[in-house]
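The residues making up each chain are set out below.
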Amino acid sequence: MNISIVIPLFNEEESLGELTDWILRVVNRENLSYEIIYVDDGSSDTSWKIIEDLNRGNSNIKGIKFRRNYGKSAALNRGFDLAKGDVVITMDADLQDSPEEIPDLYRLIKNEGFDIVSGWKKKRHDPIGKRLPSKFFNWTTRRISKLKLHDFNCGLKAYKNVVVKNIEIYGEMHRYIPVIAKWAGFSKITEKVVNHNARKYGKSKYGLERIMKGYLDLISLTFVSKFGKRPMHFFGLIGTLLFFIGLVIAAYLTYAKVFMMEYKMTDRPLFYFGLLAMVMGTQVFVAGFLAEMISRNSFHRNEYLIEAMVGDKSAE
Ligand code: UDP
Ligand code: MG
């Protein structure tokens, strides 16, 4: 199969029919074999009924429905599990992403060998209250990930099948899929300018709280990918540094007290600073030990992504 189109949706009953017709028009015109996987993220409207009807008319249209709303990342993750096509394309269900982009995205992955092609909504049709924070968000993510993309959070993206089978997303991490993939070792990542439309029906499922959540996720992601398998290298370093700063201060104050005897040690602000540094240093160090012990017990501690193998395969 050429393409799996994975579409997460939450209460998008007005758009589904129109979206499906449009996708079918495009893939049939281009002679692509396809499957459409609708992941209903616990909708309370008639979305699921529509998906069931679509499936009755065309068995290439598949669906899965969560019992409750788990979020877009969960929906994508589940859709990725099911996807069988060589190229996996994700898009939003609200008609903001255009199915006309599918053939180009497919060709970029298939013929030019990219792991990921990320959409770039260069001309965006969203309210300014959303565009500004988004600019800032993209800038920070670019700095941290060293990945030169303009628009990390675009719903329209294309992946090589092997990529989606080897990354795991949860929480609100769908915004960072290219970053996650890059850190997992998939480095051929590019972007393509895509058409973007204003939301036609319904309303956006996200408000301003997404900014805060987004940043916290970026911090955990950075930490986990760098130090997840070796937490002591992070906590141990900081802890030791802090402790030694404290120790040097204490030694200096003791020296001054013994040999100069001109003040009370506790009158000097430096005393409290030194004390604090030593206590904090020990705390951080111990936190590192605990993290290390937890990660030793982790099921995944020796899980690595294997790209290729020759010769003896008994180790598989
Ligand atoms: N979505 C989802 N689960 C959620 C929230 C959103 O599956 O909890 C879907 C939604 O139906 C849409 C896509 O994710 O297909 C993008 O959501 P939305 O259009 O509200 O985001 P925006 O375009 O405003 O960034
Ligand atoms: Mg939208």
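This write-up is about the structure you can find in this document. Bear in mind that the values here come from a model prediction, so they are computed numbers and not experimental data.

### Notes on the overall build of the protein
When helices and strands are tallied, the protein shows 10 helices and seven strands. For a compact globule of 316 residues, the expected C-alpha radius of gyration is about 20 Å, and the protein comes in at 26 Å, more than 25% above that figure. In terms of principal-axis extent, the alpha carbons of the protein reach across some 90 × 55 × 35 Å. Counting only contacts in the protein whose residues sit at least 6 apart along the sequence, the fraction spanning at least 24 positions is 78%. In the protein, 46 side chains carry a positive charge and 36 a negative one; their mean positions are 5 Å apart.

### Examining helix H2 (residues 47–57)
Those residues of H2 not exposed but buried are Ser47, Ile51 and Leu54. On an axial view of H2, the arc spanned by its buried residues comes to 60°, and they lie on one face. Residues of H2 that are exposed and angled more than 90 degrees away from the buried face: Lys49 and Arg56. Packing partners of the buried residues in H2 comprise strand E1 (3–9), helix H1 (13–29), strand E2 (34–40) and strand E3 (61–65).

### What about the coordination of the magnesium ion (ligand 2)?
For the magnesium ion (ligand 2), the full set of protein donor atoms is Asp94 (OD) and Gln96 (OE1), at a range of 1.9 to 2.0 Å. Comparing Asp94 with Gln96 shows no difference in burial state: the two are buried.

### A closer look at the sheet that holds strand E6 (residues 157–160)
As summarised here, the arrangement of the seven strands in space is E3-E2-E1-E4-E6-E5-E7, forming an open sheet in which the pairing is mixed. Each edge of the sheet is formed by a strand with only one pairing partner; in this case those strands are E3 and strand E7 (189–193). Taken over all neighbouring pairs, the strand axes of this sheet differ in orientation by 20° on average, direction set aside. Inspection of the sheet shows strand E5 (residues 116–120) paired to E7 by five bridges, in the parallel sense. Residue pairing for E7: Ser118 is matched across the bridge by Glu191. The strands touched by helix H3 (residues 72–82) are E1, E2, E3, strand E4 (87–90) and E6; relative to E1, the strand with the most contacts, the crossing angle is about 155°. Along the sheet, helix H4 (residues 102–110) makes contact with E1, E4, E5, E6 and E7, crossing E4 at roughly 140°.

### Describing unusual backbone geometry
Despite not being glycine, Asn11 shows a phi value in the positive range, around 55°. Mapped onto the elements of the fold, Asn11 is located in the loop between E1 and H1. One non-glycine residue, Asn31, lies in positive phi territory at about 60°. With respect to the secondary-structure elements, Asn31 resides in the loop between H1 and E2.

### Some points on the packing of helix H9 (residues 232–260) against helix H10 (residues 269–296)
Direction vectors running N to C along H9 and H10 enclose 155°, while the axes themselves pass 7 Å from each other. It follows from the interaxial angle that H9 and H10 lie roughly antiparallel. Regarding H9 and H10, the two cross each other, and that crossing is left-handed. Of the residues that constitute the contact of H9 with H10, the class distribution is 22 nonpolar, eight polar and one charged.

### Quick word on the pattern of salt bridges
Counted under the stated rule, the structure contains 19 salt bridges. Residues Lys200 and Glu18 are paired through a salt bridge, measuring 2.4 Å at the closest nitrogen-oxygen approach. On the criterion of sequence distance, the pair formed by Lys200 in the loop between E7 and helix H8 (209–227) and Glu18 in helix H1 is long-range, its members being 182 residues apart. With its nearest N and O atoms 3.7 Å apart, the salt bridge here joins Glu30 to Arg107. Of this pair, Glu30 sits in the loop between H1 and E2 while Arg107 sits in helix H4, and the two are 77 residues apart along the sequence. Classification of Glu30 by relative accessible area gives partly exposed; the value is 28%.

### Regarding the site of ligand 1
What surrounds ligand 1 is a group of 18 residues, the closest being Glu12, Asp94, Lys130, Ser204 and Lys205. Measuring from an oxygen atom of ligand 1, one finds a backbone N or O atom of Ala93 at 2.9 Å. Starting from 530 Å² of accessible surface for ligand 1 in isolation, the protein chains cover 94%.

Definitions and cut-offs
Residues numbered from 1 in each chain as written. Chains lettered and ligands numbered in written order. Predicted model: local features only at pLDDT ≥ 70, side-chain atom pairs only at ≥ 80, totals over all residues. Heavy atoms only, no water. Helix = DSSP H or I, 4+ residues; strand = E, 2+ residues; numbered from the N terminus. Rg over C-alpha atoms; globule rule 2.2 N^0.38 Å. Contact = heavy atoms within 4.5 Å. Lys, Arg positive; Asp, Glu negative; His and termini not counted. Charge placed at Lys NZ, Arg CZ, Asp CG, Glu CD. Buried < 20%, exposed > 50% of the residue type's maximum accessible area, 1.4 Å probe, protein only. Arc of directions from axis to C-beta. Donors = N, O, S within 2.8 Å, 3.2 Å for Na, K, Ca; no water. Pairing = 2+ DSSP bridges. Axes fitted to C-alpha atoms, helices over the stretch in contact; angles between N-to-C directions. Parallel < 35°, antiparallel > 145°, perpendicular 65-115°, else oblique. Left-handed = near helix turned anticlockwise from the far one by under 90°. Nonpolar A, V, L, I, M, F, W, Y, C, P; charged D, E, K, R; others polar. Salt bridge = Lys/Arg side-chain N within 4 Å of Asp/Glu carboxyl O. Near = heavy atom within 4 Å. Polar contact = N/O pair within 3.5 Å; in protein donor to acceptor, adjacent residues only side chain to side chain. Areas by Shrake-Rupley, 256 points an atom, 1.4 Å probe, with all protein chains shown as cover.

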